[in-house]
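# Observations on the model geometry
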Amino acid sequence: MTHYAITASPVGPLLLAGDEAGLRLISFQLSDHAEAPDQDWQETAAPFTEVIAQLNAYFAGELQSFDVPLAPQGTAFQLTVWNALLGIPFGETISYGEMARRIGNPNASRAVGLANGSNPIPILIPCHRVIGSNGKLTGYGGGLPIKEKLLALERKQLRLL
């Protein structure tokens, strides 16, 4: 059974979805790519109490590392990229090319970008920490203003709560 809840955040409402395996989805509800709950999902906030508490602590600048079970679904390549994203330290950024090198496929920067764009659990799997090789912000499912806010928060340049 998939459960879901919509929670308020400083970057707009977030749809959280998951099951007994863990959190499977965070969707920015104000973005052009917002996900909607499936008809067979059950709305209940109870399974997301810890996720919401950790998100609030993150937005308050009090948490740098999340500790909740994650269960993203994707291809083997996507899972490799998403797992590698977890290794980018809080407050730091890397380029898509660097991420491709880190996963052992230096010519896959475009594929890394596509996998990044398909990340179903943004913020917790920190795809916002990957930027263009020229240092510019590029694509983000929640929109570039949210990516900019998350990076500013992590650099202690902004408080969201």
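Everything that follows concerns the structure shown earlier in this document.
A brief report on the enclosed structure follows. (Residues numbered from 1 in each chain as written. Predicted model: local features only at pLDDT ≥ 70, side-chain atom pairs only at ≥ 80, totals over all residues. Heavy atoms only, no water.)

### A few points about the sheet that holds strand 1 (residues 3–7)
Here we have 4 strands laid out as an open sheet, ordered 3-2-1-4, and mixed in their pairing. At either margin of the open sheet sits one strand with a lone partner, and together these are strand 3 (22–28) and strand 4 (42–43). Judged from the 6 bridges that link them, strand 2 (residues 14–19) and strand 3 form a sheet pairing that is antiparallel. Looking at strand 3, one finds that Leu16 is bridged to Ile26. This element, helix 1 (residues 49–59), spans strand 1, strand 2 and strand 3 of the sheet and lies at about 140 degrees to strand 2. (Pairing = 2+ DSSP bridges. Helix = DSSP H or I, 4+ residues; strand = E, 2+ residues; numbered from the N terminus. Contact = heavy atoms within 4.5 Å. Axes fitted to C-alpha atoms, helices over the stretch in contact; angles between N-to-C directions.)

### Focus on empty space enclosed by the protein
Scanning the entire structure with this criterion turns up 1 cavity of 30 Å³ or more. By volume, the largest cavity amounts to about 30 Å³. Forming the walls of the largest cavity are Thr7, Ala8, Ser9, Leu14, Ile52, Leu55, Asn56 and Phe59. At 4 residues, the largest contribution of residues to the lining of the largest cavity is made by helix 1. Looking at the lining of the largest cavity residue by residue, the class counts come to 5 nonpolar, 3 polar and no charged. (1 Å grid on protein atoms, 1.4 Å probe; cavity = no way out; pocket = protein on both sides within 12 Å on 5 of 7 lines; lining within 4 Å. Points joined across faces, edges and corners; volume = space filled by probe spheres on them. Nonpolar A, V, L, I, M, F, W, Y, C, P; charged D, E, K, R; others polar.)

### Some words on the side chain of Asn119
Relative to the assigned elements, Asn119 resides in the loop between helix 4 (109–117) and strand 6 (130–131). Within the structure, the side chain of Asn119 is placed 2.9 Å from the backbone nitrogen of Ile121, a separation counted as a polar contact. A distance of 2.8 Å separates the side chain of Asn119 from the backbone oxygen of Ile125, its partner in a polar contact. With sequence-adjacent residues up to four places away left out, Asn119 is seen in contact with Trp82, Leu85, Ile125 and Cys127. (Polar contact = N/O pair within 3.5 Å; in protein donor to acceptor, adjacent residues only side chain to side chain.)

### Observations concerning the pairing of strand 1
Summarising burial for strand 1: 4 of the 5 residues are buried, a large majority. Here strand 1 runs beside strand 2; their pairing, made up of 5 bridges, is antiparallel. By the bridge assignment for strand 2, Thr7 is matched with Leu14. Between strand 1 and strand 2, which follow one another and run antiparallel, lie 6 residues, and Gly12 among them has a positive phi close to 100 degrees. (Buried < 20%, exposed > 50% of the residue type's maximum accessible area, 1.4 Å probe, protein only.)

### A few points about the layout of surface pockets
In this approach, a probe sized like a water molecule rolls over the atoms, and the result shows the empty space that is left. Estimates place the volume of the largest pocket at around 510 Å³. Together, 31 residues line the largest pocket, and Leu25, Glu35, Ser118, Asn119 and Pro120 are the ones closest to its centre. Going through the elements one at a time, strand 2, strand 3 and helix 4 are the ones with two or more residues in the lining of the largest pocket. Looking at the lining of the largest pocket element by element, the count peaks at 5 residues for strand 3. Here the residues of the lining of the largest pocket sort into 13 nonpolar, 15 polar and 3 charged.

### Some words on the packing of aromatic side chains
Counted according to the given criterion, the structure contains 5 aromatic pairs. Seen in terms of ring centroids, Tyr58 and Phe59 are 5.5 Å apart; in terms of plane orientation they differ by 65 degrees. Their pairing is edge-to-face. Classification of Tyr58 as buried rests on a relative accessible area of 0%. For the pair Tyr58 and Phe90, a centre-to-centre distance of 6.3 Å together with 90 degrees between the ring planes defines the contact as edge-to-face. In this pair, Tyr58 sits in helix 1 while Phe90 sits in the loop between helix 2 (76–85) and strand 5 (94–95), placing the two residues 32 residues apart along the sequence. Residue class for Phe90 comes out buried when judged on its relative accessible area of 17%. (Phe/Tyr/Trp six-rings, centres within 6.5 Å; stacked < 30°, edge-to-face > 60°.)

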